[in-house]
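# Observations on the three-dimensional arrangement
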Amino acid sequence: MRKAIQAKGTVASGPYSHAVDAGDYIFLSGQTAMNTASTENKPSDIAEQTEQCFENLLAVLKEANLTLDDVVKVNVYLTDMKNFSAMNEVYEKQFSKPFPARTCVAVSALPLGADVEIEMIAKRS
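To start, this report covers the structure provided alongside it.

Scanning the protein chain for helices and strands turns up 2 helices and 6 strands. Secondary structure elements of the protein chain, listed N to C terminal, follow the sequence β-β-β-α-β-α-β-β. Scaling as 2.2 N^0.38, a compact globule of 125 residues should have a C-alpha radius of gyration of about 14 Å, and the protein chain matches this with 14 Å. Along the first, second and third principal axes, the C-alpha atoms of the protein chain reach 40 × 35 × 20 Å. Each of the 125 residues in the protein chain was classed as buried or not, and the buried ones make up 37%. Looking at charge distribution, the protein chain has the averaged site of its 12 positive side-chain charges lying 6 Å from that of its 16 negative ones.

And the structure:
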């Protein structure tokens with residue numbers, strides 16, 4: 001049985017849950033750099049956008065009583081692969097070894113004009 005998880009003080013920008021608890025695994029929806037508490041515009045540079053994505057994801061993990069150490073898989077979507085290095089610098093600081101499995105792909109566009117979106121799968125110990 002699945003259970004929805006919503007970060008406190010936030011709203012989803014569409015018909016989805018911030019995460020779904022599926023027992024041992026928690027599937028986190030993609031987060032963009034939108035400040036989910038205020039729906040303010042995204043930061044302008046890719047490093048700031050990536051940092052905000054992680055802040056949003058950390059809020060969801062916290063609601064599930066998990067941390068980044070519980071993350072086993074990450075998917076990153078970029079609208080321009082020229083931003084890969086800057087995104088990767090921020091990304092690398094979020095995790096410790098062994099790093100989660102990861103996919104990073106270029107997409108033509110993301111919701112709300114975002115330049116980066118990150119989703120995760122976490123596993124309970």
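Right, let's get into the nonpolar core. Core analysis: the largest hydrophobic core is formed by 26 residues, its most contacted members being Val76 and Met120. At the level of elements, strand S3 (25–31), helix H1 (46–63), strand S4 (71–78), helix H2 (84–94) and strand S6 (116–123) are the ones that each hand at least two residues to this core. Considering each element in turn, this core owes the most residues, 6 residues, to H1.

Conventions and cut-offs
- Residues numbered from 1 in each chain as written.
- Predicted model: local features only at pLDDT ≥ 70, side-chain atom pairs only at ≥ 80, totals over all residues.
- Heavy atoms only, no water.
- Helix = DSSP H or I, 4+ residues; strand = E, 2+ residues; numbered from the N terminus.
- Rg over C-alpha atoms; globule rule 2.2 N^0.38 Å.
- Buried < 20%, exposed > 50% of the residue type's maximum accessible area, 1.4 Å probe, protein only.
- Lys, Arg positive; Asp, Glu negative; His and termini not counted.
- Charge placed at Lys NZ, Arg CZ, Asp CG, Glu CD.
- Core = buried A, V, L, I, M, F, W, Y, C linked by side-chain atoms within 4.5 Å.

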